[in-house]
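Architecture at a glance
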Amino acid sequence: MKVMIYDNSRTDVEALKILIDEFFMGKEIPYTLYLCANVSDIWKNIQSIDILFLDIELPDANGIQIGLRIKEMNPSCRIIITSQYNKYLIEGYKIHAERYLLKPIHKAEFMLDMEAVVNEYFRQYSNFMDEKISFAPIYLNHILYIEALDKHSILHMSNGKQLKTPYRLKYWNEKFEKQGFIQSHKSFLVNLNHVKEINKVDIILWNDDVIPLSRNYKKLFETAYTKLLYNIL
């Protein structure tokens, strides 16, 4: 895994680095740790980063604006907010922050939160094989949404590709029932992890795709999305 820290306090960075090293070494998970000196360091590496520890109060940038841009560039990146104040908690929902850690960060709390974040990371990178669709593994986290088309369906992928399948939407609804995919319309099944915002009639994804949200599915979808935000923060 690739982990990044962006914090303007050298003391806080060193303390966080010790906790990160202890966690990954204790779990025997290979990792690379990047320490950012400025905002430009983030943009150089963010496409490949799995977890980012982001301080909200920064001298040269707005942490929330950074988080929003990161989610557009790399929706799979897990953002963990670090701050001395809890007043930014609500702001964390805007960028789908995985956790909100108050400084000084307590070791026991850190280890529990990291356990949950890393487990979710590996779960989201689960995949399946189906030669009727592709000869390569299909990663669940790379599926933005599934669209019904006559008696078939199309997987819309994060890399812009569309994979045609011989299955109806009902098949995917049952297959991904507990994987964070929720139906928003009779013809659409959406991966909640790629949702940026919801309005009255549409769902906006982080890549700016717009998915219809019908009245019949609105309550179910909004409940599932709210639960996701509640669980990650």
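One can find the structure itself at the top, above this paragraph.
Attention in this report is confined to the structure presented alongside it. (Residues numbered from 1 in each chain as written. Predicted model: local features only at pLDDT ≥ 70, side-chain atom pairs only at ≥ 80, totals over all residues. Heavy atoms only, no water.)

1. A closer look at the nonpolar core
- Judged by nonpolar contacts, the single largest core of 21 residues is most densely connected at Ile20, Phe24, Ile51, Phe53, Phe110, Met114 and Val118.
- The set of elements that each furnish at least two residues to this core consists of β1 (2-6), α1 (10-27), β3 (51-55) and α5 (107-124).
- Sequence-distant contacts of Phe24, that is, excluding residues within four places in its chain, are made with Met1, Val3, Ile29, Tyr31, Ile51, Met114 and Val118.
- The next biggest cluster of nonpolar side chains, apart from the first, holds 20 residues, and it includes Tyr6, Leu52, Leu58 and Ile81. (Core = buried A, V, L, I, M, F, W, Y, C linked by side-chain atoms within 4.5 Å. Buried < 20%, exposed > 50% of the residue type's maximum accessible area, 1.4 Å probe, protein only. Helix = DSSP H or I, 4+ residues; strand = E, 2+ residues; numbered from the N terminus. Contact = heavy atoms within 4.5 Å.)

2. As for the layout of surface pockets
- Its boundaries defined by the atoms lining it, the second largest pocket holds a volume of some 220 Å³.
- Met73, Asn74, Pro75, Ser76 and Ser158 are, among the 15 residues lining the second largest pocket, the residues nearest its centre.
- For the lining of the second largest pocket, the per-class residue count stands at six nonpolar, eight polar and one charged. (1 Å grid on protein atoms, 1.4 Å probe; cavity = no way out; pocket = protein on both sides within 12 Å on 5 of 7 lines; lining within 4 Å. Points joined across faces, edges and corners; volume = space filled by probe spheres on them. Nonpolar A, V, L, I, M, F, W, Y, C, P; charged D, E, K, R; others polar.)

3. Regarding the packing of aromatic side chains
- Applying the stated rule across the entire model yields 12 aromatic pairs.
- Clustering of aromatic rings is evident, with ring pairs tying together Phe128, Tyr167, Tyr171, Trp172, Phe176 and Phe181.
- Lying over the aromatic face of Trp43, Arg69 brings its terminal NZ or CZ to 4.0 Å of the ring centre.
- The ring of Phe128 carries the charged tip of Lys175 above its face, separated from the ring centre by 4.9 Å. (Phe/Tyr/Trp six-rings, centres within 6.5 Å; stacked < 30°, edge-to-face > 60°. Lys NZ or Arg CZ within 6 Å of the ring centre and 35° of its normal.)

4. A few points about the sheet that holds strand β5 (residues 99-102)
- Strand order in the open sheet made by the five strands is β2-β1-β3-β4-β5, with parallel pairing throughout. This sheet does not close on itself; its edge strands, each paired only once, are β2 (32-35) and β5. The mean inter-strand angle of the sheet, taken between neighbouring strand axes irrespective of direction, is 20°.
- Across five bridges, the pairing between β3 and strand β4 (residues 78-83) is parallel. In the strand pairing of β4, Leu54 is matched with Ile81. (Pairing = 2+ DSSP bridges. Axes fitted to C-alpha atoms, helices over the stretch in contact; angles between N-to-C directions.)

5. Topic: the side chain of Asp7
- Positionally, Asp7 belongs in the loop between β1 and α1.
- On the basis of relative accessible area, Asp7 is assigned to the buried category, the value being 9%.
- Here the side chain of Asp7 touches Ser9 through a polar contact of 2.8 Å, landing on its backbone nitrogen.
- A distance of 2.6 Å separates polar atoms of two side chains, one belonging to Asp7 and the other to Lys103.
- Ignoring anything within four residues of it in the chain, the contact list for Asp7 reads Asp12, Val13, Asp55, Leu58, Thr82 and Lys103. (Polar contact = N/O pair within 3.5 Å; in protein donor to acceptor, adjacent residues only side chain to side chain.)

6. A short note on the pattern of salt bridges
- On inspection of all chains with the given rule, the structure shows nine salt bridges.
- Its salt-bridge partner being Asp7, residue Lys103 comes within 2.6 Å of it at the nearest N-O pair. One end of the pair, Lys103, is in the loop between β5 and α5; the other, Asp7, is in the loop between β1 and α1, and 96 residues separate them in sequence.
- On the accessibility criterion, Lys103 (15% relative accessible area) is buried. (Salt bridge = Lys/Arg side-chain N within 4 Å of Asp/Glu carboxyl O.)

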